[in-house]
Amino acid sequence: MEGKECRNNGKVVLITGCSSGIGHCVAQGLKVRGWRVFATARRPADVERLQADGLESLCLDVCDSVSIQSSVKAVLDRTNGRLDALFSNAGYGQPGAVEDISREALREQFETNLFGALELTNQVIPAMRRQGAGRIVYNSSVLGLVAFPYRGAYVASKFAMEGLADTLRLELAGTGIHICLIEPGPIMSRFRAHAYAAYQRHVCAENSPHQERYAAMEARLLKEGPAAPFTLPPAAVLKRVIHALENPRPRARYPVTVPAYLFAILRRWLPTPMLDGILRRSGGGGRR
Ligand SMILES: NC(=O)c1ccc[n+]([C@@H]2O[C@H](COP(=O)([O-])OP(=O)(O)OC[C@H]3O[C@@H](n4cnc5c(N)ncnc54)[C@H](OP(=O)(O)O)[C@@H]3O)[C@@H](O)[C@H]2O)c1
């Protein structure tokens, strides 16, 4: 580990959504490897907790432009303008059938999962351009590659993230700034608890033709422990983030978990009706 610490010594990374799950794990893991980690969270209580854990932490709400601008400025002030990497991780999943998703719910989903990530990206690129180097890593999803029933808002936001990242990679070729996508399948975190809260906020099951399926979906969201086969701990994502940040030749895409590898292949080779059949069955009518 000592060698790694020397290699990364002084390298600065900004991470969003570190209050729990993947963001928290990646922040701790990169700090151990000698990165100077700015672990951000949107609630002051979480920032205090992260500071108590020995991390440099700031308040950053990706839905708030002022918060984005002031936290990037605070990082650059503290590091004399240096910022080597961004791990754009904050996000949540809005469950619900597409026909039950309001414009407001979809807007909220995109504000967090996409618009915040875009605005933050545009705030950090100038520092990376000055350095002639940088890594921007997005936490996308297997649902940025294929659709699953009852996750349309989330799927749309992650497909959009994939499109934005792919475009950025083309536009930034030759600048020394690398763009990477992490594409996890099921990972143990607070994701389902947060999804359940979003479901309660925006979906009215009683009036929906999908009411029966929602009962199965609710059970999945409220289940303790892994709810899907092949679920991995957040450390599986950390491993791929380390490659994206530290390898001299980072990859454009990093699937994580068996389903992510599998669906990345299937979507290329199967005709749509066959892929649809597999995706419908995999969703288990909301159960998975
Ligand atoms: N878990 C999975 O199975 C899975 C699979 C594929 C991709 N992902 C992606 O992984 C990322 C992290 O999710 P996770 O699994 O670690 O779930 P998580 O434990 O729910 O963590 C999500 C994080 O995002 C933060 N967040 C939400 N809205 C925010 C906002 N407006 N501003 C700043 N932070 C905000 C949350 O903060 P609060 O605590 O304040 O809400 C939390 O820290 C997400 O982008 C998710 O789409 C997860």
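Residues numbered from 1 in each chain as written. Predicted model: local features only at pLDDT ≥ 70, side-chain atom pairs only at ≥ 80, totals over all residues.

K.L.:
Before we go on, may I ask you to explain the overall build of the protein in this structure?
P.N.:
Each helix and strand in the protein was counted, giving 11 helices and 7 strands. Scaling as 2.2 N^0.38, a compact globule of 288 residues should have a C-alpha radius of gyration of about 19 Å, and the protein matches this with 19 Å. In terms of overall dimensions, the protein has a C-alpha envelope of 55 × 40 × 35 Å along the principal axes. Each of the 288 residues in the protein was classed as buried or not, and the buried ones make up 42%. In the protein, the share of contacts with a sequence separation of at least 24, taken over all contacts with a separation of at least 6, comes to 74%. (Helix = DSSP H or I, 4+ residues; strand = E, 2+ residues; numbered from the N terminus. Rg over C-alpha atoms; globule rule 2.2 N^0.38 Å. Buried ≥ 20, exposed ≤ 12 C-beta atoms within 10 Å, placed from the backbone. Contact = placed C-beta atoms within 7 Å.)

K.L.:
I tried to follow the site of the ligand on my own but got confused; where do I start?
P.N.:
Around the ligand, the structure places 29 residues, and the nearest of them are Gly-17, Gly-21, Gly-91, Ser-189 and Arg-190. Residue assignment for the shell around the ligand shows that the elements contributing at least two residues are helix H2 (21-32) and helix H7 (191-202). Of all the elements, H2 adds the most residues to the shell around the ligand, at 3 residues. Taken together, the residues that form the shell around the ligand break down as 12 nonpolar, 13 polar and 4 charged. (Near = placed C-beta within 6 Å. Nonpolar A, V, L, I, M, F, W, Y, C, P; charged D, E, K, R; others polar.)

K.L.:
Is there a simple way to explain H2 in this structure?
P.N.:
An α-helical segment advances 3.6 residues per turn. Residues three or four places apart therefore align on the same side. If you check H2, its first and last C-alpha atoms are 17 Å apart, about what 12 residues at 1.5 Å a residue would give, namely 16 Å. Every buried residue of H2 is listed here: Gly-21, Ile-22, Gly-23, His-24, Cys-25, Val-26, Ala-27 and Leu-30. Packed against the buried residues of H2 are strand S1 (12-15), strand S2 (36-41), strand S4 (85-88), strand S5 (134-139), H7 and helix H9 (235-246). (Expected span 1.5 Å × (residues − 1).)

K.L.:
For this particular structure, what's the right way to read the nonpolar core?
P.N.:
The tendency in soluble globular proteins is for nonpolar side chains to be buried side by side. Val-13, Ile-15, Val-26, Val-37, Val-137, Ile-182 and Val-241 are the most contacted members of the largest nonpolar core, which has 63 residues in total. Top contributing element to this core by residue count: helix H6 (residues 152-171), with 6 residues. Leave out the neighbours within four places in its chain, and Val-13 touches Leu-30, Trp-35, Val-37, Phe-38, Asp-84, Ala-85, Phe-87 and Leu-245. Counting 9 residues, the second-largest nonpolar core is a separate cluster that includes Ala-195, Val-203, Tyr-214 and Leu-221. (Core = buried A, V, L, I, M, F, W, Y, C linked by C-beta atoms within 7 Å.)

K.L.:
Honestly, unusual backbone geometry in this entry has me stumped. Any pointers?
P.N.:
One can expect most non-glycine residues to show negative phi and most peptide bonds to be in trans. Phi is positive for Tyr-150, close to 70°, though the residue is something other than glycine. Judged by C-beta crowding, with 25 C-beta atoms within 10 Å, Tyr-150 ranks as buried.

K.L.:
What am I meant to see in the packing of H2 against H9 here?
P.N.:
In a pair of packed helices, the angle between the axes and the distance between the axes together describe the arrangement. Packing of H2 against H9 leaves a shortest axis separation of 9 Å and a crossing angle of 55°. Classed by the angle they form, the pair H2 and H9 counts as oblique. Here the hand of the crossing between H2 and H9 comes out right-handed. In contact with Ile-22, Cys-25, Val-26 and Gly-29 of H2, H9 contributes Ala-235, Val-237, Leu-238 and Val-241. When the residues that make up the contact of H2 with H9 are grouped by side-chain class, the tally is 7 nonpolar, 1 polar and no charged. (Axes fitted to C-alpha atoms, helices over the stretch in contact; angles between N-to-C directions. Parallel < 35°, antiparallel > 145°, perpendicular 65-115°, else oblique. Left-handed = near helix turned anticlockwise from the far one by under 90°.)

K.L.:
What's the story with the sheet that holds S2 in this structure? I'm lost.
P.N.:
For sheets, the rule is that strands pair by backbone hydrogen bonds, running either parallel or antiparallel. Strand order in the open sheet formed by 7 strands is S3-S2-S1-S4-S5-S6-S7, and the pairing between neighbours is parallel. The sheet terminates laterally at strand S3 (56-59) and strand S7 (253-256), the two strands that pair on one side only. Ignoring which end each strand starts from, the neighbouring axes of this sheet average 20° apart. Looking at chain direction, strand S6 (residues 177-184) and S7 are connected through 4 bridges and run parallel. From the neighbouring strand, Pro-184 faces S7, where its bridge partner is Val-256. Across the face of the sheet, helix H4 (residues 65-78) comes into contact with S1, S2 and S3 while running at roughly 155° to S3. (Pairing = 2+ DSSP bridges.)

K.L.:
What is the right way to read the pairing of S3 from this model?
P.N.:
The side chains of a regular strand alternate between the sheet's two faces. Two strands pair when backbone bridges link them, and S2 and S3 are joined in this way by 4 bridges, in the parallel orientation. Counted as the bridge partner of Phe-38 is Glu-56 from S3. With helix H3 (residues 44-52) bridging S2 and its parallel neighbour S3, the resulting β-α-β unit is right-handed. (Right-handed = clockwise from strand over helix to strand, strands pointing away.)

K.L.:
For this particular structure, what's the right way to read the confidence of the model for the protein?
P.N.:
In regions of low pLDDT, the predicted coordinates are not meant to be interpreted in detail. Per-chain confidence: the protein averages 96 in pLDDT, with 98% of residues scoring 70 or above. Here helix H1 (residues 2-8) is the element of the protein with the lowest mean pLDDT, 55, and S4 is the one with the highest, 99. (pLDDT = per-residue confidence, 0-100.)

K.L.:
Is there a simple way to explain helix H10 (residues 258-269) in this structure?
P.N.:
For H10, built from 12 residues, the straight-helix expectation of 16 Å at 1.5 Å per residue is met to within 8% by its first-to-last C-alpha distance of 17 Å. Taken residue by residue, H10 has Pro-259, Ala-260 and Phe-263 as its buried positions. For H10, the arc enclosing every buried residue in end-on projection is 95°, short of the 170-degree limit, so these residues lie on one face. Away from its buried face by more than 90 degrees, H10 exposes Ile-265, Arg-268 and Trp-269. On the buried face of H10, the contacting elements are S6 and S7. (Arc of directions from axis to C-beta.)

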